[in-house]
Amino acid sequence: MPKPIFVLNGPNLNLLGVREPHIYGTTTLDEVRDRTAARAQTLGFSIDFRQSNHEGVLIDWVQAARTDASALVINPAGLGHTSIALLDALKALTIPIVECHLSNPAARESFRRHTYVSLAATGQVTGFGAVSYELAVEAAARLAQGPSTAPSPSQGA
Ligand code: DQA
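Everything numeric here is computed off the predicted structure, so don't read it as measured data.

(A) Structural view of the side chain of glutamate 99. As for its placement among the helices and strands, glutamate 99 is situated in strand β4 (residues 97-101). No salt bridge is formed by the buried glutamate 99. Its closest oppositely charged neighbour is arginine 112, at 11 Å. Engagement of the side chain of glutamate 99 in a polar contact is seen with the side chain of threonine 115, the distance being 2.8 Å. Within polar-contact distance, the side chain of glutamate 99 engages the side chain of glutamine 124 at 3.0 Å. Contact partners of glutamate 99, with chain neighbours within four places excluded, come to Ile74, Pro76, Thr115, Val117, Ser118, Ala121, Gly123, Gln124 and Val125.

Below is the structure:
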């Protein structure tokens, strides 16, 4: 069995299901975890799914992913837009990193259009609600399996 895919969640995502449901939907974080774990299992991976409201805790978990994870999926929530310390931790990783958001930040307020995390991420999955996590873990699994199964970046028009 390969090392697990870490799936890390930032501040306020513990309130998923009740927090701004018109934006984030009514699926709870426990339901997201179960759906993501099921998807990962079909791809031959387990997941280690965690949430914290604390920047330093998330950074500790990113550091742990260096040695303990096959790949990392991260929904940094608001910290993605603000935290250089989180970016620095991500830049120390050599495993694939998939940034994941429920909403599509590019279509929201201007302060959400940039994330520091994107500077370290292999790619992003945004805007598909809870399904974003399933797609992100699929991308992470394929990247972790190596070049023959990894999604290829677009070469442009
Ligand atoms: C979010 C988008 C962020 O801008 C926001 O701060 C969140 C959730 C999302 O999953 O859509 O907390 O990361």
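Moving on from the model shown.
(B) Inspection of helix α4 (residues 84-91) at higher detail. Among the residues of α4, Leu86, Leu87, Ala89 and Leu90 are the ones counted as buried. End-on, the buried residues of α4 take up no more than an arc of 160°, which puts them together on one face. Where α4 begins, one side-chain oxygen reaches toward the backbone nitrogen of leucine 86, 2.9 Å away; that side chain belongs to serine 83.

(C) The arrangement of the packing of aromatic side chains in detail. Taken as a whole, this structure holds 1 aromatic pair when the rule is applied. The interplanar angle of 40° and the centroid separation of 6.2 Å between the aromatic rings of phenylalanine 49 and tyrosine 133 together place this pair among those described as tilted. Residue phenylalanine 49 is located in strand β2 (residues 47-51), and its partner tyrosine 133 is located in helix α5 (residues 131-145); the two are separated by 84 residues in the primary sequence. Taking the relative accessible area as the measure of exposure, phenylalanine 49 reaches 16% and is therefore buried. Taking relative accessible area as the criterion, tyrosine 133 reaches 1% and is therefore assigned buried.

Criteria and cut-off values
- Residues numbered from 1 in each chain as written.
- Predicted model: local features only at pLDDT ≥ 70, side-chain atom pairs only at ≥ 80, totals over all residues.
- Heavy atoms only, no water.
- Helix = DSSP H or I, 4+ residues; strand = E, 2+ residues; numbered from the N terminus.
- Buried < 20%, exposed > 50% of the residue type's maximum accessible area, 1.4 Å probe, protein only.
- Lys, Arg positive; Asp, Glu negative; His and termini not counted.
- Salt bridge = Lys/Arg side-chain N within 4 Å of Asp/Glu carboxyl O.
- Polar contact = N/O pair within 3.5 Å; in protein donor to acceptor, adjacent residues only side chain to side chain.
- Contact = heavy atoms within 4.5 Å.
- Arc of directions from axis to C-beta.
- Phe/Tyr/Trp six-rings, centres within 6.5 Å; stacked < 30°, edge-to-face > 60°.

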